[in-house]
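Next come the chains, spelled out residue by residue.
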Amino acid sequence: MPSRAVSNPSATTAEGFCFALAAEARRLLDRFDDAHLAPFLAEWPASGEAVRTIAPSTLPVLRWVADLARGGSERTRPLTTAFAAAAGSLRWQQTYGPADFGPDFLGRYGWTELIGTRGPIPSTALAAGVLLLGPETDYPRHRHEAEEIYIPLSGTAVWTKGDAEPARRAPGTFIHHPSWTPHAMHTTNEPLLAFYLWRAGDLAQKSLIG
Ligand code: ZN
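Since the model is a prediction, treat every value here as computed from it, not as a measurement.

**Some details on the coordination of the zinc ion**
Part 1 of the argument: All of the protein donors around the zinc ion are H144 (NE2), E148 (OE), E148 (OE) and H183 (NE2); their distances to the metal are 2.0 to 2.4 Å.
Part 2 of the argument: Given four donor atoms and angles of 56 to 138° at the metal, the environment of the zinc ion is assigned as irregular.

**Details of the environment of G110**
Part 1 of the argument: Its location among the elements puts G110 in strand β3 (residues 109-116).
Part 2 of the argument: Sequence separation between G110 and G134 is 24 residues; the distance between their C-alpha atoms is 9.3 Å.

**Details of empty space enclosed by the protein**
Part 1 of the argument: Inspection of every chain in the model, using the stated rule, returns three cavities of 30 Å³ or more.
Part 2 of the argument: Counted as a void, the largest cavity has a volume near 240 Å³.
Part 3 of the argument: Lining the largest cavity we find 19 residues, and of these T95, W111, Y139, Y196 and W198 sit closest to its centre.
Part 4 of the argument: Among the secondary structure elements, those contributing two or more residues to the lining of the largest cavity are β3, β5 (126-133), β6 (138-143), β7 (147-154) and β12 (192-199).

**Re the confidence of the model for the protein**
Part 1 of the argument: Per-residue pLDDT for the protein averages 92, and the proportion of residues at 70 or more is 93%.
Part 2 of the argument: Contacts for the low-pLDDT stretch residues 1-7, under 50 throughout, to residues beyond four places or in other chains number 16 contacts.

**Considering the packing of aromatic side chains**
Part 1 of the argument: With the rule as written, the count across this model stands at 12 aromatic pairs.
Part 2 of the argument: Relative to F105, the ring of Y96 lies with its centre 6.2 Å away and its plane at 70°, an arrangement referred to as edge-to-face. By the burial criterion, Y96 is buried, and F105 matches it.
Part 3 of the argument: Cation over ring: R75 sits above F32, and NZ or CZ is 4.7 Å from the ring centre.
Part 4 of the argument: When the ring centre of F40 is taken as origin, the NZ or CZ atom of R199, which lies over that ring, is 5.6 Å away.

Calculation criteria
Residues numbered from 1 in each chain as written. Predicted model: local features only at pLDDT ≥ 70, side-chain atom pairs only at ≥ 80, totals over all residues. Heavy atoms only, no water. Donors = N, O, S within 2.8 Å, 3.2 Å for Na, K, Ca; no water. Tetrahedral: all angles 85-135°; square planar, octahedral: opposite > 155°, others 65-115°. Helix = DSSP H or I, 4+ residues; strand = E, 2+ residues; numbered from the N terminus. 1 Å grid on protein atoms, 1.4 Å probe; cavity = no way out; pocket = protein on both sides within 12 Å on 5 of 7 lines; lining within 4 Å. Points joined across faces, edges and corners; volume = space filled by probe spheres on them. pLDDT = per-residue confidence, 0-100. Contact = heavy atoms within 4.5 Å. Phe/Tyr/Trp six-rings, centres within 6.5 Å; stacked < 30°, edge-to-face > 60°. Buried < 20%, exposed > 50% of the residue type's maximum accessible area, 1.4 Å probe, protein only. Lys NZ or Arg CZ within 6 Å of the ring centre and 35° of its normal.

Next comes the structure, spelled out in structure tokens:
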């Protein structure tokens, strides 16, 4: 992808939205006191680094963006609101195809990357973005090399980590998945917007299923 050096991209471009979102995300992350977070934050790109130009793209799952405002918490609301406002200017993508979890899943799933090997803020050491799932959606068990942190921003979903019992996780919960730990999510009556961080692995890997 082409890159260009921009220290202060216009707030009305996709890159500008991503800079603002990344700053808001960092404010949220700095409020957590969890030892797992430190190696991720150590890789956080310095502001003013080169911006990768991205073309906005949409997905069917964005039909639920308007519902996100009522599913957040006080702590996560600023970032939820910022993502909802910027959603139409971001590049929404999918890693899976219809053969993985069926065609219905693709109508209820998508992610957008802020920082990483594909997002507008380049990094080969850290990936950050959000996952969006529609209501009544099963994201089956999967695993990947990268170590992962999730913070649900809006929506209380059922999360399963390894062999642990599935548990409902409210917005603002800190969720850590070590490398190759299988995990799964299931939404019920509300969509899920969850911020993710990846490090120490192939940052563009398609997860292995199961
Ligand atoms: Zn994961």
